[in-house]
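# A structural walkthrough
Chain by chain, the residues:
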Amino acid sequence: MHERSLFFTAEHLRPLCTDEISTIIHVECVSGEYGSIIALLEIVDVLAENHPPPIENVLEIIQFVCSSIFSVHETWRYKRLSQRWIIAQRCLKIFNTVSSDALWRKRSRGTFSSNLVFTFFTNSSLYHILFTIIGFGSLNFQQLTADEKTDDALLVEEMITEALQLLKCLLEIRLSQYGGPEETSPTPFEQNLMSQLIGPRDTPLIATIFDYIDRAYTSQVTILSCTIINLIAKLTEHYHPRPPSLVGYLNRTSSQADTMVNKCMTRLSQDVTSPELRRALFDLIATAIELQRGLADKFLLSSARDVKAYDYKTSGCMKLVI
C-alpha cells in the first residue's frame with residue numbers, strides 16, 4: 001500500500017497541492033469531518049520518512065501542510081475533537097522528521113529544513129499554535145483520563161510528545177546560534193515561550209512544561225519536559241542585561257515554583273524512575289545551580305512530597321545525590 005501511495009503522490013503532488021487539496025479542505029471545513037485530510041497527512045508522513053523522488057514535489061506538499069493545514073487547523077469546526085488532535089499530531093510528526101532527518105538536510109542542501117525551523121522562529125501564528133498545543137494538551141489529557149476515555153487520552157499524549165519534541169529541536173537550534181559569550185535580547189519566540197499564560201487560571205506555559213514531569217505521562221514526555229526546561233535555562237545565560245529568573249516566571253502564585261521543584265524531587269526519589277529520567281533531572285539541577293540561582297535554591301532546600309523514608313527539608317537534592 002505504501003509503495004502505491006508513494007508512486008502516485010511523487011508523480012501527482014504538484015497539481016494536488018494547488019487544486020484538489022484546497023477544494024478538499026474547503027469541503028471538509030464545511031462538514032466538520034476531516035477523513036481525507038487525515039489520510040493525506042498519513043501519506044505525507046510516509047513521504048517525509050522515505051524521501052521519494054521527485055523531491056521538489058515532496059518539499060512543496062510539506063510547505064503546504066505547514067501553511068494551509070497546521071497554521072489554520074485550530075480555527076476549523078470539528079464534529080469530533082479527536083480529529084483535531086490527529087491533524088495536529090500528524091503535522092508535528094512530519095515537521096519533526098524533516099527537522100531531524102540528516103537525509104532531508106542533504107537532499108534539500110540544508111535549506112528546506114532550515115527554512116522550516118526559521119519559519120517557526122519568526123511566524124508568531126505557528127509558534128503560538130505550538131505553545132497552545134503544549135499548554136492545553138495537559139488539560140485535555142487530564143480531563144480525558146478522568147473521564148476514562150483511554151483512546152483519546154493516548155492520542156493527546158502522542159500529540160504532546162510530538163509538540164515537545166519539536167520545541168526541544170527548536171531550542172537546541174536556537175542555543176547553537178549563540179556562538180560566543182556575547183549577550184543578546186530574547187527573540188519574540190523566546191519571550192512568548194516564557195511569558196505565555198494558558199487556560200482560565202492563567203498558568204504560565206513554563207509551569208505546564210514542568211508539570212509534564214508528573215508520572216501520569218510516558219517516560220518520553222517526562223524526559224522531554226526536563227530537557228526543555230534545561231535548554232530554556234541555558235538560553236537565559238545569553239540574555240542582556242541579565243538572565244531572567246525562571247522562578248519569577250513560575251511564581252504567579254507563591255507556591256507554584258515549590259510545587260514544580262517538589263515534583264522533580266519526588267521523581268528522583270522513586271525507585272521506578274528510569275535512569276534516563278534521573279539523568280535528565282540531574283542535568284536540570286546542575287544547570288540551575290550554574291545559571292539560575294532562584295531555581296537552584298529551590299532544588300537545594302526543597303523536600304520530596306509523599307516520601308517518608310528521607311527528610312529533605314534541610315538537605316534538598318544533596319541527600320539524593322549522595
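This one's a predicted model, so the numbers in the text were calculated from it and none came from an experiment.

Parameters at a glance
Residues numbered from 1 in each chain as written. Predicted model: local features only at pLDDT ≥ 70, side-chain atom pairs only at ≥ 80, totals over all residues. Heavy atoms only, no water. Helix = DSSP H or I, 4+ residues; strand = E, 2+ residues; numbered from the N terminus. Buried < 20%, exposed > 50% of the residue type's maximum accessible area, 1.4 Å probe, protein only. Contact = heavy atoms within 4.5 Å. Areas by Shrake-Rupley, 256 points an atom, 1.4 Å probe, with all protein chains shown as cover. Disulfide = S-S within 2.5 Å. Arc of directions from axis to C-beta. Core = buried A, V, L, I, M, F, W, Y, C linked by side-chain atoms within 4.5 Å. Axes fitted to C-alpha atoms, helices over the stretch in contact; angles between N-to-C directions. Parallel < 35°, antiparallel > 145°, perpendicular 65-115°, else oblique. Left-handed = near helix turned anticlockwise from the far one by under 90°. Nonpolar A, V, L, I, M, F, W, Y, C, P; charged D, E, K, R; others polar. pLDDT = per-residue confidence, 0-100. Phe/Tyr/Trp six-rings, centres within 6.5 Å; stacked < 30°, edge-to-face > 60°.

## Topic: the overall build of the protein
Within the protein one finds 16 helices and 2 strands. Taken across its 322 residues, the protein has 52% of its residues classed as buried. Relative to all contacts within the protein whose residues are 6 or more apart in sequence, the contacts with residues 24 or more apart total 71%. Within the structure as shown, the protein displays about 15,600 Å² of accessible surface, and the carbon and sulfur contribution to it stands at 52%.

## Section: the state of the cysteines
Scanning the model with the defined rule gives 0 disulfides in all. Looking at Cys-264, it has no disulfide partner, and the nearest cysteine sulfur is the one in Cys-226, 5.4 Å off. Here Cys-264 falls in the buried class, since its relative accessible area comes to 0%.

## Some details on helix 15 (residues 293-301)
Those residues of helix 15 lying buried are Leu-295, Ala-296, Lys-298 and Phe-299. The buried residues of helix 15 occupy an angular sector of 160° when projected down its axis, which confines them to one face. Exposed side chains of helix 15 directed beyond 90 degrees from the buried face belong to Arg-293 and Leu-301. On its buried face, helix 15 sits against helix 10 (205-211), helix 12 (246-250), helix 13 (256-269) and helix 14 (275-291).

## Here we look at helix 9 (residues 188-195)
Along helix 9, the positions that sit buried rather than exposed are Phe-189, Glu-190, Leu-193 and Met-194. Buried residues of helix 9, seen end-on, are gathered within an arc of 120° and therefore sit on one face of the element.

## Notes on the nonpolar core
If you look at the biggest cluster of nonpolar residues, it comprises 92 residues, and the most contacted ones within it are Ile-69, Ile-87, Phe-95, Leu-167 and Phe-210. With 11 residues, helix 8 (residues 150-176) is the single largest residue contributor to this core. Contact partners of Ile-87, with chain neighbours within four places excluded, come to Tyr-34, Ile-37, Ile-38, Leu-41, Ile-69, His-73, Trp-76 and Tyr-78.

## Considerations on the environment of Asp-258
Of note, Asp-258 is situated in helix 13. Note: C-alpha distance between Asp-258 and Phe-299 (41 residues apart in sequence) is 8.8 Å.

## Brief notes about unusual backbone geometry
Backbone phi values are negative for most residues with the exception of glycine, while trans is the configuration of most peptide bonds. Its identity as a non-glycine residue notwithstanding, Glu-148 has a phi of 60°, on the positive side. Relative to the elements of secondary structure, Glu-148 occurs in the loop between helix 7 (124-146) and helix 8. The backbone of Asp-202 shows a phi angle near 55°, a positive value even though the residue is not glycine. Looking at the element boundaries, Asp-202 is found in the loop between strand 1 (197-198) and strand 2 (203-204). Judged by its relative accessible area of 35%, Asp-202 is partly exposed.

## Some remarks on the packing of helix 2 (residues 35-50) against helix 4 (residues 81-100)
In the contact formed by helix 2 and helix 4, the axes pass within 9 Å of each other and the chain directions differ by 15°. Considering the angle they form, helix 2 stands roughly parallel to helix 4. Judged by the sense of rotation from one axis to the other, the crossing of helix 2 with helix 4 is left-handed. Along the contact surface, helix 2 presents Gly-35, Ile-37, Ile-38, Leu-41, Glu-42, Val-44, Asp-45, Ala-48 and Glu-49, while helix 4 presents Gln-83, Ile-86, Ile-87, Arg-90, Cys-91, Lys-93, Ile-94 and Thr-97. Residue composition of the contact of helix 2 with helix 4, by class: 9 nonpolar, 3 polar and 5 charged.

## As for the confidence of the model for the protein
Confidence along the protein averages 81 in pLDDT terms, with 79% of residues attaining 70 or more. A low-confidence stretch, residues 1-8 stays under pLDDT 50, and its non-local contacts, those more than four residues away or across chains, total 7 contacts. Across residues 305-314 the pLDDT falls below 50, and counting only partners more than four positions away or on other chains, this stretch makes 17 contacts in the model.

## Concerning the packing of aromatic side chains
The description of an aromatic ring pair uses the distance of the two centres, along with the angle that the planes make with each other. A full pass over the atoms with the stated rule returns 11 aromatic pairs. Summarising the aromatic geometry, the rings of Phe-121 and Phe-189 are spaced 5.1 Å apart at their centres and angled 90° between planes, so their arrangement reads as edge-to-face. Of the two residues, Phe-121 is situated in helix 6 (residues 111-122) and Phe-189 in helix 9; the sequence distance between them amounts to 68 residues. Where Tyr-127 meets Phe-189, the ring centres are 5.6 Å apart and the plane angle is 85°; that geometry is what we call edge-to-face. Taken together, the residues Tyr-127 in helix 7 and Phe-189 in helix 9 connect sequence positions 62 residues apart. Judged by its relative accessible area of 4%, Tyr-127 is buried.

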